[in-house]
Amino acid sequence: MIPVRGFENQKIAVFGLARSGLTAARALKAGGAEVVVWDEKLTACEAARAEGFALEDLASADWSQLKGLVLSPGVPLTHPKPHWTVEKARAAKVEILGDVELLARTVAAAPTFKRPKIVAVTGSNGKSTTTALIGHVCRQAGRDVRIGGNIGVGVLDLEDMHGGAIYVLELSSYQLDLTSTLKADVAIILNISPDHLERHGGMEGYVAAKRRILLNQGKGDTAVIGVDDTWCQQICTEITAANRRTIVPISARRAMGRGVYALQGVLYDAMGDRVVEVADLASARSLPGRHNWQNAAAAYAAGRALGLSPEDAAEGLMSFAGLAHRMETVGAIGKVRFVNWIAGGQAKAGGIEELADLFGVVAKAYLIGEAADAFARTLEGKVPCVKSGVMEAAVRAAYADAKASGEEAIVLLSPACASFDQFTDFEDRGEAFRAAAQGLAQVAAPRSQGAVTRAAGGAGRA
Ligand code: ADP
């Protein structure tokens, strides 16, 4: 745990006592703050009280006594409307912070020999992969790396700091909205596409949240920006004009005069005077596809910014084992392979229309969740589809059709959607897919030799 500095003997309220809230409360207490906690769920309050925290009903509290309100990122700050705690904090001019902000203050307050390097990663897609990849690349090069934030453990649950350590933090737009003083040695925005717009009041708010990762950077810091979408292109142009930090544009679509880019799976370093071919990503174990080349370009650029040699920065890319649920083969029965590629539930803005180029490779779609009707309308006349309702029925029907075809086939979980209508999160959904595939394998096992096995490359979340 990292004891939070800067709030010694000050009264701080923590609202939202899920994992990151409780961690923040513990870390504040360890740093000497006077902590009070609250949640709308009674069970969460009881658990915190059992741990020794003082409960204070924030609806009736004296806010003038509070120095800060630590909010969990799940609590709406602005949209659809500010949470009541946010309104009370604003009225009383109490600062609102998130756990990443607490870390930022602690890092800033630390003496130089204790201050680690911070790599912060955001984007609409590929955050976890890139965060894990940077962690792997740095670890392979012999660095002391910790990974956390929106992936794995919360930032304040990471091991305490020292000057030689590198903290690689995956930051969501919600977390960034609650962060104001973080100064990332390396800040990465991979890409931006419409997402979570209801929580940011539209695209402008969402882009503004992502941009916050670049705040406070100065000379000696590096901004790595994917320039394959118009929103990121604009950010790159604007910060280039400000020009105080090092800016590394990355692309998985085109060659650039300056930056890091991947073309047909070959990674090029064009940060120096000449363009150098640094890796053949097409033969990397776990980075298939152009989207992963974007992640690899970002990880390479981050590695170089942290002082790794081109060889070391490239080498880790090749040995990365990948993350579970991201194009993970969860099993096979005979000629049918089951692949989890998160990409039904609630439709994201734009739906699946932008995947239209890929409809030709889909033999049939099995739709589940809230988005089933909308997706069926988009697929009409292009891809045969059926509404299966729930995961187990969808996997069973897909397997039956695939088997009947007698051909090699892939049953692909590719939701293109958030998971919250039927599952706790995307991992829960991925596990439901895995369980459904394994259930079928057990039935098939007496007759076929191809029992479902976990993919060798499917490492758990780092
Ligand atoms: P995030 O943490 O941003 O949700 P992940 O690394 O967990 O992203 O990847 C989730 C899925 O997003 C992957 O299975 C893949 O389908 C897709 N993806 C990964 N990287 C990218 C990228 N750079 N651009 C677009 N899609 C991506």
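Residues numbered from 1 in each chain as written. Predicted model: local features only at pLDDT ≥ 70, side-chain atom pairs only at ≥ 80, totals over all residues. Heavy atoms only, no water.

S.K.: Mind showing me how you'd approach the sheet that holds strand β5 (residues 95–97) here?
M.R.: The strands making up a sheet associate through backbone hydrogen bonding, with each pair oriented either parallel or antiparallel. Pairing is parallel across the open sheet formed by five strands, whose spatial order is β3-β2-β1-β4-β5. Every other strand in the sheet has two partners, leaving β3 (54–55) and β5 as the edge strands with one partner each. Where strand β1 (residues 11–15) lies against strand β4 (residues 68–71), four bridges are found, and the strand directions are parallel. Within β4, the position partnered with A13 by the bridge is L69. (Pairing = 2+ DSSP bridges. Helix = DSSP H or I, 4+ residues; strand = E, 2+ residues; numbered from the N terminus.)

S.K.: What exactly am I supposed to notice about the pairing of strand β2 (residues 34–38) here?
M.R.: Side-chain direction in a regular strand flips from residue to residue, so the side chains alternate between the two faces of the sheet. Burial analysis of β2 places four of its five residues in the buried class, the great majority of the element. For β1 and β2, the ladder comprises five bridges, and the chain directions are parallel. Bridging across to β2, I12 finds its partner in V35. The sheet contact formed by β2 and β3 spans two bridges and is parallel. Following the sheet pairing, V37 is matched in β3 by L55. You can see the chain leave β2, run along helix α2 (residues 42–50) and come back into β3, and the turn it takes is right-handed. (Buried < 20%, exposed > 50% of the residue type's maximum accessible area, 1.4 Å probe, protein only. Right-handed = clockwise from strand over helix to strand, strands pointing away.)

S.K.: Before we go on, may I ask you to explain helix α4 (residues 99–109) in this structure?
M.R.: The periodicity of an α-helix, 3.6 residues per turn, causes residues three or four positions apart to be oriented the same way. By the criterion of burial, α4 is predominantly enclosed, with eight of the eleven residues buried. The set of residues buried in α4 consists of D99, V100, E101, L102, L103, A104, T106 and V107. Where the residues of α4 are buried, they touch α1 (19–30), β4, β5, β6 (117–122), β8 (165–170) and α6 (173–177). (Contact = heavy atoms within 4.5 Å.)

S.K.: Which parts of the structure should I look at to understand helix α11 (residues 310–319)?
M.R.: Those residues of α11 not exposed but buried are A313, A314, G316 and L317. For α11, the buried positions fall inside an angular range of 155° around the axis, keeping them on one side. Turning to α11, the residues buried within the fold contact α5 (127–140), β13 (266–270), β14 (276–280) and α10 (290–305). (Arc of directions from axis to C-beta.)

S.K.: Just to check I follow, could you spell out the sheet that holds strand β7 (residues 144–149) for this structure?
M.R.: Taking strand neighbours across the sheet as the criterion, the nine strands line up as β7-β8-β6-β9-β10-β11-β12-β13-β14 in an open arrangement whose pairing is mixed. Strands with a single pairing partner mark the edges of an open sheet, and in this sheet they are β7 and β14. Ignoring which end each strand starts from, the neighbouring axes of this sheet average 15° apart. Sheet topology note: the strand β10 (residues 222–226)/strand β11 (residues 246–251) ladder contains five bridges and is parallel. Within the sheet, the bridge partner assigned to G226 lies in β11 and is I250. Strand contacts of α5: β6, β7, β8 and β9 (186–189), with the helix running at about 170° to β8, the strand carrying the most contacts. (Axes fitted to C-alpha atoms, helices over the stretch in contact; angles between N-to-C directions.)

S.K.: For this particular structure, what's the right way to read the packing of α5 against α11?
M.R.: Two quantities define a packed helix pair, namely the angle between the axes and the distance from one axis to the other. The N-to-C vectors of α5 and α11 enclose an angle of 120°; their axes lie 8 Å apart at closest approach. Classed by the angle they form, the pair α5 and α11 counts as oblique. Our pair here, α5 against α11, has a crossing hand that is right-handed. From α5, L133, H136, V137 and Q140 reach across to α11, where they touch D312, A313, G316, L317 and S319. A class-by-class count of the residues in the contact of α5 with α11 yields four nonpolar, four polar and one charged. (Parallel < 35°, antiparallel > 145°, perpendicular 65-115°, else oblique. Left-handed = near helix turned anticlockwise from the far one by under 90°. Nonpolar A, V, L, I, M, F, W, Y, C, P; charged D, E, K, R; others polar.)

S.K.: Help me understand the nonpolar core, please; the structure alone is not making it clear to me.
M.R.: In a soluble, globular protein the nonpolar side chains are often hidden away together inside. If you look at the biggest cluster of nonpolar residues, it comprises 57 residues, and the most contacted ones within it are L28, L102, L156 and L214. With residues near it in sequence (within four places) discarded, L102 still touches V4, F7, A24, L28, V70, L97 and L156. Judged by nonpolar contacts, the second largest core, of 42 residues, contains I147, L287, A299 and A313. (Core = buried A, V, L, I, M, F, W, Y, C linked by side-chain atoms within 4.5 Å.)

S.K.: Whenever I open this one, the environment of A279 confuses me. Can you help?
M.R.: Its location among the elements puts A279 in strand β14. The spacing of A279 and G220 is 59 residues in sequence and 26 Å in space, taken between C-alpha atoms. Those residues within four positions of A279 in sequence are excluded, and the remaining contacts are G265, V266, L267, A314 and M318.

S.K.: Help me understand the pattern of salt bridges in this model?
M.R.: Pairs can form between side chains of opposite charge once their charged atoms are near each other. Taken as a whole and judged by the stated rule, the model has 15 salt bridges. In this structure, D144 engages R146 in a salt bridge whose closest nitrogen and oxygen atoms are separated by 3.1 Å. (Salt bridge = Lys/Arg side-chain N within 4 Å of Asp/Glu carboxyl O.)

S.K.: I would appreciate a short explanation of the pairing of β8 in the present structure.
M.R.: In terms of burial, β8 is largely enclosed, as six of its six residues are buried. Going residue by residue along β8, you find A165, Y167 and L169 tucked away on one face and I166, V168 and E170 tucked away on the opposite face as well. Of the pairings in the sheet, the one linking β6 to β8 comprises five bridges and is parallel in character. Bridge pairing in β8 links V119 to V168. In terms of strand pairing, β7 meets β8 through six bridges, oriented parallel. Looking at β8, one finds that R146 is bridged to Y167.

S.K.: I keep staring at the confidence of the model for the protein chain and nothing clicks. Help me out?
M.R.: In low-pLDDT segments, the atomic positions of the prediction should not be examined closely. Mean pLDDT over the protein chain works out to 90, with 94% of the residues at or above the 70 mark. Across residues 448–462, confidence stays below pLDDT 50; counting only partners more than four residues off in sequence or on other chains, it has 42 contacts. (pLDDT = per-residue confidence, 0-100.)

S.K.: How should I be thinking about the packing of helix α8 (residues 203–211) against helix α9 (residues 230–242) in this particular structure?
M.R.: The N-to-C vectors of α8 and α9 enclose an angle of 50°; their axes lie 11 Å apart at closest approach. Relative to α9, the element α8 lies oblique. In terms of crossing hand, the pair formed by α8 and α9 is right-handed. Here M203, V207 and R211 of α8 lie close against α9, whose contacting residues are W231, I235, E238 and I239.

S.K.: I would appreciate a short explanation of unusual backbone geometry in the present structure.
M.R.: Where the residue is not glycine, phi is negative for most of them; where a peptide bond is considered, it is trans in most cases. A cis amide bond links H79 with the next residue in sequence, P80, at an omega value of -5°. A positive phi angle, near 60°, is found at N9, a position not held by glycine. On the secondary structure map, N9 appears in the segment before β1.

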